[in-house]
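# Inside the fold
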Amino acid sequence: MSEAKEEFNKHGYSADSIQALEGMEHVRMRPSMYIGDVGTRGLHHLVYEVVDNSIDEALAGHCNNITVIINEDNSITTEDDGRGIPVDLHKKEGVSALQVVMTKIGAGGKFDKDSYKVSGGLHGVGVSCVNALSEHLRATVYRDGKIYEQEYERGKALYPVKQIGETDKRGTTVTFRPDSTIFTQTLEYSYDTLASRLRELSYLNKGITIHLVDKRSKKEDGEFEGETFHSTEGLKEFIKFLDGNREPLMKDVIAFEGEKNGVPVEVAMVYNTSYAENLHSYVNNINTHEGGTHLTGFRRGLTHTLKKYADESGLLKNLKFDIAGDDFREGLTAIISVKVQEPQFEGQTKTKLGNREVSSAVSQSVSEMLTDYLEEHPDDAKIIVQKVILAAQARHAAQKAREMVQRKTVMSIGGLPGKLSDCSEQDPAKCEVFLVEGDSAGGTAKQGRDRAFQAILPLRGKILNVEKAMVHKVFENEEIKNIFTALGVTIGTEEDSKALNLSKLRYHKVVIMCDADIDGSHIATLILTFFFRYMKELIENNHIYIATPPLYLVKKGAKKQYAWSDKERDEIVADFGDGSKIQRYKGLGEMNAEQLWDTTMNPEFRTMRLVQIDNGTEADRIFSMLMGDEVPPRREFIEKNAIYANIDA
């Protein structure tokens, strides 16, 4: 025992070192352990952590209004009308409770079950983590008729909590400026990203009013840009918002709200004419995109109840094959939200719920909700069952098409698409494949590439819009079959048709390379829609990229420089002076092989944008809007985003 202890201590592994790793310095040394990354996601996560505290106050019944302000300098201010963080002396720490909450990891009322029954936030790192990663933070508390304040630099208090005035209001205001030495990629907040999350929170916590104000931008009337989010119906309104671009099969949203086995459960669902299954699950306001026991419970309750109804109705008597679980979920949009006192998370990104008791709670809730609805709405019930039967028939057709792709995929190199120009490198981690628009650009890319690690797959024209196509049509499409085959991935079995086996993935970088014009953007969006609906794991595992070819070549004499925007072009022209000649690239085909390599394919100089899903529900809504049948919302979105639109890098 003592020898083991000596061995540990010899290597500096002692109680003292454990204690040191729990401090604020460790947050600054290893920020990604606490907020995911130090890119745009981590930057926005800071806001969510502070807002979570205010949401917790609302869940406990003490807060009605939350305001988030993006200040001119990209600092953030959050305000709420909750009880205000306590400021009295913390007996154990010997300083104000406010200072403890702001400077101690794991401190806060949410760990006291008497203060909060449930709390938001995924990792519980809280506002102290935000403080540690901010170059400056000011906390102002309105409590018991007085105003208290404390400021911090990089997590350390500048002075003890002090009273600075009197007030008749209550609540907490936090203003923080992220540390530029930690967030080196960008310090600029995205209004749309914050708006999506705050809108989501308003639906998940009905009755709360959340204001978003952007002081960096003013409207024509002189007021700051902003929005107010408030929901009276919760998930029912959320479903209508998400499914606004799809054609519903029924007039009403099927919804349930209540408590089962001590677990608060809220569910809303609706069927539409699409062929996609869109299930969104939340635990304590966190989007659990890996699913978990609550999603398992929903599927079990849905399948059991609908199967029982369909059997008893006699509508399945002429069907020659069994109905599978997937068939009940085709064209279904559903949101499942549970509140769990002590959530247990698992999975690759710790967003998969593991609490077993939640499964039966959700299953019972869904069963009761659906049974009542089907009995009270027989016409809708018949429409749903007919939709399920059509899905089953399409699934059998898709299975045959899928098997064709599977057979082609698992064949040797000789089974690869004829148009694919493969690379010589055998290690997938070192390989990349460019999906190139058109044979002409494909030919140029083949000449310009590095054959050792870069493969080229030309795509003919615009691929199938999978948003409006039945599943078997997707798998029968020649261009899509070529993508599956070239990538080498295998598709799920009949029992688990959504599963994608990435173990055989032949390239770890899949690069979409299209013209920098409207047609090219449309083709890129079609390809992205396909990946989002049928190969989402590739996006989630950071395998999908978008190439960014230049828009202009500016020349003057022997000098030449490429430009990726009008602003960049103008700056180069101003630098070169009079006599500059500008070539506008309308497509990849206008570049020669050397130019394409220099600007777009050479790893030393190119810029590629990694495609990431920041908000799954918002991504689902945007894809259904861009690729669906409804034209007005698509036109409105394009007009609003035409100048700024890009994929999150």
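Residues numbered from 1 in each chain as written. Predicted model: local features only at pLDDT ≥ 70, side-chain atom pairs only at ≥ 80, totals over all residues. Heavy atoms only, no water.

Tallying each qualifying case throughout the model produces nine aromatic pairs. Pairing Phe484 with Phe530 gives two aromatic rings, centres 5.7 Å apart and planes at 85°, and the pair type is edge-to-face. Taken together, the residues span a long stretch of sequence, with Phe484 in helix α15 (residues 478–487) and Phe530 in helix α16 (residues 518–534) at a distance of 46 residues. Overall, the relative accessible area of 0% leaves Phe484 in the buried class. Seen from their ring centres, Phe530 and Phe531 are 5.4 Å apart, and the 45° between their planes marks the pair as tilted. You can call Phe530 buried: its relative accessible area is 0%. (Phe/Tyr/Trp six-rings, centres within 6.5 Å; stacked < 30°, edge-to-face > 60°. Helix = DSSP H or I, 4+ residues; strand = E, 2+ residues; numbered from the N terminus. Buried < 20%, exposed > 50% of the residue type's maximum accessible area, 1.4 Å probe, protein only.)

Let us look at unusual backbone geometry. The phi angle at Asn74 is positive, at roughly 70°, despite the residue not being glycine. Inspection of the secondary structure puts Asn74 in the loop between β1 (65–70) and β2 (76–80). Overall, the relative accessible area of 14% leaves Asn74 in the buried class. Unlike most non-glycine residues, Asn542 shows phi in positive territory, near 60°. On the secondary structure map, Asn542 appears in the loop between α17 (536–540) and β22 (544–547).

So, about the packing of helix α8 (residues 191–204) against helix α9 (residues 235–242). Put simply, α8 and α9 touch, their axes get as near as 7 Å, and they point 140° apart. Here α9 runs oblique to α8, going by the angle between their axes. The residues of α9 that touch α8, namely those facing Arg199, Glu200, Tyr203 and Leu204, are Leu235, Glu237, Phe238 and Phe241. Residue composition of the contact of α8 with α9, by class: five nonpolar, no polar and three charged. (Axes fitted to C-alpha atoms, helices over the stretch in contact; angles between N-to-C directions. Parallel < 35°, antiparallel > 145°, perpendicular 65-115°, else oblique. Contact = heavy atoms within 4.5 Å. Nonpolar A, V, L, I, M, F, W, Y, C, P; charged D, E, K, R; others polar.)

This next bit is on the confidence of the model for the protein. Detail in the predicted coordinates should be disregarded across regions flagged by low pLDDT. When pLDDT is averaged across the protein, the result is 84; 86% of the residues are at 70 or more. Residue range residues 109–116 is modelled with pLDDT below 50. Its contacts to residues more than four positions away, or to other chains, number 17 contacts. Confidence drops under a pLDDT of 50 for residues 410–414, and excluding neighbours within four residues, the segment shows three contacts in the predicted structure. (pLDDT = per-residue confidence, 0-100.)

Turning next to a negative patch on the surface. A contiguous patch of negative charge on the surface is contributed by Glu220, Asp221, Glu223 and Glu225. Locating Glu220 in the fold gives a position in the loop between β8 (209–218) and β9 (224–230). (Patch = residues over 30% accessible without salt bridge, like charges linked within 9 Å, V, L, I, M, F, W, Y side chains within 5 Å. Areas by Shrake-Rupley, 256 points an atom, 1.4 Å probe, with all protein chains shown as cover. Salt bridge = Lys/Arg side-chain N within 4 Å of Asp/Glu carboxyl O. Lys, Arg positive; Asp, Glu negative; His and termini not counted. Charge placed at Lys NZ, Arg CZ, Asp CG, Glu CD.)

Let's shift gears to the pairing of strand β17 (residues 432–437). The buried count for β17 comes to six of six residues, which makes it a mostly enclosed element. Where burial is concerned, the two faces of β17 agree: the one with Glu432, Phe434 and Val436 and the one with Val433, Leu435 and Glu437 are both buried. In this structure, β17 lies alongside strand β18 (residues 454–459), joined through six bridges in parallel fashion. Looking at the pairing, Glu432 lines up with Gln454 of β18. The parallel pair β17 and β18, bridged by helix α13 (residues 439–448), forms a crossover whose chirality is right-handed. (Pairing = 2+ DSSP bridges. Right-handed = clockwise from strand over helix to strand, strands pointing away.)

What follows deals with the sheet that holds β22. Taken in spatial order, the five strands of this open sheet run β18-β17-β21-β22-β26, and their pairing is mixed. Two strands bound the open sheet, and with one partner strand each, they are β18 and β26 (608–610). Across this sheet, the average inter-strand angle for adjacent strands is 25°, counted without regard to direction. Note: β22 against β26, three bridges, orientation antiparallel. Pairing of Ile546 across the sheet is with Arg609, part of β26. The strands touched by α16 within the sheet are β17, β18, β21 (509–513) and β22, with β21 carrying the most contacts at an inclination of about 150°.

Moving on to the sheet that holds strand β23 (residues 552–556). Spatially, the three strands line up as an open sheet ordered β24-β23-β25, and their pairing is antiparallel. Looking at the sheet topology across the chains shown, the edges are occupied by β24 (559–563) and β25 (581–584). Adjacent strand axes in the sheet meet at a mean angle of 20°, parallel and antiparallel pairs treated alike. Relative to β24, β23 runs antiparallel, the two sharing five bridges. Across the sheet, the residue bridging to Lys555 is Lys560, located in β24. Along the sheet face, helix α18 (residues 566–576) touches β23, β24 and β25 and points at about 160° away from the line of β24.

In terms of nonpolar packing, the biggest core is built from 51 residues, with Met269, Phe298, Leu302 and Val338 touching the most fellow members. With eight residues, helix α11 (residues 356–376) is the single largest residue contributor to this core. When sequence neighbours within four positions are dropped, the list of residues in contact with Met269 reads Ile239, Val253, Ile254, Phe298, Leu302, Leu332, Thr333, Ala334, Met369 and Leu370. Counting residues in each nonpolar core, the second largest holds 47 residues, with Leu420, Tyr507, Phe530 and Met627 among its members. (Core = buried A, V, L, I, M, F, W, Y, C linked by side-chain atoms within 4.5 Å.)

Before going further, it helps to examine the pairing of β18. Counting buried positions along β18 gives six out of six residues, so the element sits mostly inside the fold. On β18, burial covers both faces: Gln454, Ile456 and Pro458 on one face and Ala455, Leu457 and Leu459 on the other are all buried.

Where helix α10 (residues 293–313) meets α11, the axes come as close as 7 Å, and the angle between the chain directions of the two elements is 30°. In the packing of α10 onto α11, the handedness of the crossing is right-handed. For the pair α10 and α11, the contacting residues are Thr293, His294, Thr296, Gly297, Phe298, Arg300, Gly301, Leu302, Thr305, Leu306 and Tyr309 in the first and Arg356, Val358, Ser359, Val362, Ser363, Val366, Ser367, Leu370, Thr371 and Leu374 in the second. (Left-handed = near helix turned anticlockwise from the far one by under 90°.)

Moving on, we come to α10. Here α10 is 21 residues long and its end C-alpha atoms lie 30 Å apart, about the 30 Å a rise of 1.5 Å per residue gives. Those residues of α10 lying buried are Thr293, His294, Leu295, Gly297, Phe298, Gly301, Leu302, Thr305, Leu306 and Ala310. A positive backbone phi angle near 80° is found at Gly314, which sits one or two residues after α10. (Expected span 1.5 Å × (residues − 1).)

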